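The residues making up each chain are set out below.
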Amino acid sequence: MASLITCPHCGVRPKEEFSIRGDASPVRPAPGAEFEAWDGYVHLRDNVRGVMHEHWQHTGGCRRWLVVERDTFTHDVHSVVDAADYSRSQAAKPAGATTAGKTVKSARPAKAATAAKPAKAATAVKPGTGRAKP
Ligand SMILES: [Zn+2]
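When helices and strands are tallied, the protein chain shows 3 helices and 6 strands. For the protein chain, the α and β elements follow one another from N to C terminus as β-β-β-α-β-β-β-α-α. Taken over 134 residues, the protein chain has a buried fraction of 10%. By sequence separation, contacts in the protein chain at least 24 residues apart represent 52% of the contacts at least 6 residues apart.

So this is what it looks like as structure tokens:
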């Protein structure tokens, strides 16, 4: 991982001054949103191998929340912006182009895969015992 992060407020700082929260792409659903929207927002995250945006807090400095564009494979940091600026830039995009829409779409296939598990498990159950084969 890159050992130096350029905070837009404090300048170049060691990575030890930062705390990582995780994926910055999920957008909080509206208070009255459907269960699936909240389930996806709270529980479902893509496991990206490559470039992604992450929330980092400069806990050892200005304490501001930042969005770090980082390659999870090479650990190269491509950009660091204030989270408020990132949020405004995401809100300015057309509705179909937001990362939130991307997250919801990617969550649906994962849920379909989960739904397929019981059928798969049923084939592994020993007839008459109700127990799974070892
Ligand atoms: Zn800072």
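On to the sheet that holds strand 3 (residues 19–23), then. Ordered by their spatial adjacency, 4 strands build an open sheet running 3-4-5-6, and the pairing between neighbours is antiparallel. On the outer flanks of this sheet lie strand 3 and strand 6 (77–82), each paired with one strand and no other. Going across the sheet, the axis of each strand differs from the next one's by a mean of 30°, ignoring polarity. In this sheet, strand 6 lies alongside strand 5 (residues 65–71) in antiparallel orientation, the contact comprising 5 bridges. Considered in strand 6, the bridge of Leu66 is made with Asp82. Strand contacts of helix 2 (residues 83–92): strand 4 (51–57), strand 5 and strand 6, with the helix running at about 90° to strand 6, the strand carrying the most contacts.

Turning our attention to unusual backbone geometry. Located in the positive-phi region is Arg63, a residue other than glycine, with phi close to 65°. Take Arg63: there are 10 C-beta atoms within 10 Å of it, and that puts it in the exposed class. With phi around 65°, His75 is a residue other than glycine that occupies positive phi space. Looking at the element boundaries, His75 is found in the loop between strand 5 and strand 6. On the neighbour-count criterion, His75 (11 C-beta atoms within 10 Å) is exposed.

A few words on the nonpolar core. Counting residues in each nonpolar core, the largest one holds 8 residues, listed as Ile5, Cys7, Ala24, Trp56, Leu66, Val67, Val68 and Tyr86. Breaking this core down by element, the ones donating at least two residues are strand 1 (4–7) and strand 5. Here Leu66 is in contact with Cys7, Trp56, His58, Val80, Val81, Asp82 and Ala83, once residues within four sequence places are set aside.

Glancing now at the confidence of the model for the protein chain. Regions with low pLDDT carry predicted coordinates that are not meant to be interpreted in detail. Within the protein chain, residue pLDDT values average 77, and 69% of them lie at 70 or more. When the criterion is pLDDT under 50, residues 98–130 qualifies, and its contacts beyond four places in sequence or with other chains add up to 26 contacts.

So, how was this worked out
- Residues numbered from 1 in each chain as written.
- Predicted model: local features only at pLDDT ≥ 70, side-chain atom pairs only at ≥ 80, totals over all residues.
- Helix = DSSP H or I, 4+ residues; strand = E, 2+ residues; numbered from the N terminus.
- Buried ≥ 20, exposed ≤ 12 C-beta atoms within 10 Å, placed from the backbone.
- Contact = placed C-beta atoms within 7 Å.
- Pairing = 2+ DSSP bridges.
- Axes fitted to C-alpha atoms, helices over the stretch in contact; angles between N-to-C directions.
- Core = buried A, V, L, I, M, F, W, Y, C linked by C-beta atoms within 7 Å.
- pLDDT = per-residue confidence, 0-100.

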